[in-house]
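Chain and residue survey
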Protein chains: 2
Amino acid sequence: MGLMIRKQLPQPDRAEIRVEAVLQALGEPVRLQIVRALADTPEGIACGEIELQVTPSTRAHHLRTLREAGVLTTHTEGTRRISSLRREDLDALYPGLLTGVLSAAQ
Amino acid sequence: MGLMIRKQLPQPDRAEIRVEAVLQALGEPVRLQIVRALADTPEGIACGEIELQVTPSTRAHHLRTLREAGVLTTHTEGTRRISSLRREDLDALYPGLLTGVLSAAQ
DNA sequence: TTCGTAGTACGATCTTCATCGAACTACTCG
DNA sequence: CGAGTAGTTCGATGAAGATCGTACTACGAA
């Protein structure tokens, strides 16, 4: 077992986040499912552990979309990539949005 | 001047509104612009009076999308169609969502 | 009824994007 | 090192959708 290197994947600064991109990212069923899963696990979750009906490459595509929109942050932990919601940033930018979305009946 | 007939255009019941449809509807720049305009005029506004850089037919397309998603309601007033935000329904379903979206810097 | 206005519906076009398989990178373990 | 695992990237494909012009409907005014 070696030293665990944690590296954060590129993502927009809080000031660069655009509401259109966030809404568009959240408006896709698979991505909304990912967001809901992340909301349930504040400590973060590995890509492959989220239950989804899509292939790994589609998974990666959606995670990238969410990351580039500023919805989630991802860091590496060995070979795994742990993602978690950018709740603080989103709440600061759009207070109530995330709560409202997550309160929706599934 | 004859009798003014007010007829409401078909729209989903509150229980039929799906959050994915709402988010997807809000995630398009022109439609978000429409929603912002509606938020500024609670009494409702006619389609043609919203300042947009698109043709009438594109306007109609976006208004239909927003109506079918449950974001706005439209009724006729003579030849004009007045639209307004379904704020009560949206606040009840997703408390905070609309506020959060509208609080975003433009 | 005829004209003008507000807005919609339809069909076409062009772009965006969700999806996948295959090839690839990065890391861990033995 | 080599094998295995986690995940990404690339290119292709097919579907969804944003846009427009044209033709149409509905209503009001003269």
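Along each chain, numbering runs from 1 in the same order as the chain's sequence is written. Whichever chain is written first is A, and whichever ligand is written first is 1; the rest continue in order. Only residues with pLDDT of 70 or above have their local features reported here, since the model is predicted, and side-chain atom pairs are shown and tallied only from 80 upward, although totals for entire chains, interfaces and linings are computed over all residues. Processing note: side-chain calculations cover all non-hydrogen atoms of the structure and skip hydrogens and water entirely.

As named in an unreviewed UniProt entry, chain A is ArsR family transcriptional regulator, taken from Kribbella antibiotica.

All names here are of chain A. Note that R59 resides in helix α3 (residues 56-69). Each residue gets one of three labels from its accessible area relative to the maximum for its type: buried under 20%, exposed over 50%, partly exposed in between, using a 1.4 Å probe on protein chains only. The positive count covers Lys and Arg only, the negative count covers Asp and Glu only, and His and the chain ends enter neither. A pair is scored as a salt bridge if a Lys or Arg side-chain nitrogen falls within 4 Å of a carboxyl oxygen belonging to Asp or Glu. Buried charged residue R59 carries no salt bridge. Nearest counter-charge: E51, at 8.8 Å. Leave out the neighbours within four places in its chain, and R59 touches C47, G48, I50, L52 and V54. A run of DSSP states H or I qualifies as a helix once it reaches four residues; a run of E qualifies as a strand once it reaches two. Both are numbered from the N-terminal end. Residues count as neighbours in contact if any of their non-hydrogen atoms are within 4.5 Å of one another.

Residue and element names in this part refer to chain B. Expected span of a helix, by definition, is 1.5 Å for each gap between consecutive residues, and there is one gap fewer than residues. Across its 14 residues, helix α3 (residues 56-69) extends 20 Å between first and last C-alpha, which sits within 8% of the 20 Å expected from 1.5 Å per residue. Where α3 is concerned, the buried positions are R59, H62, L63, L66, R67 and A69. Each buried residue of α3 lies within a common arc of 165° when the element is viewed along its axis, so the set occupies one face. Where α3 is buried, its residues contact α1 (19-26), α2 (29-40), β2 (72-77) and β3 (80-85). The directions considered for the arc run from the helix axis to the C-beta atoms.

All right, on to the pattern of salt bridges then. Between side chains of opposite charge, a pair can form when the charged atoms approach closely. For the structure shown, the criterion picks out eight salt bridges over all chains. For the salt bridge of R86 of chain B with D89 of chain B, the shortest nitrogen-to-oxygen distance reads 3.0 Å. Residue R86 of chain B shares its accessibility class with D89 of chain B, and that shared class is buried. Taken together, the shared-partner salt bridges in this structure form one network comprising R14, R86 and D89 of chain A.

Turning next to the interface of chain A and chain B. At the interface, 19 residues of chain A touch 19 residues of chain B. Taking both partners together, chain A and chain B bury about 1,400 Å²; carbon and sulfur atoms supply 72% of that area. Considering only the side of chain A, the residues that lose the most area to chain B are E20, L23 and G27 of chain A, jointly responsible for 32% of the buried surface there. Linking chain A with chain B are zero salt bridges. Two parts placed together each lose some accessible area; with a 1.4 Å probe, that loss summed over both constitutes the buried area.

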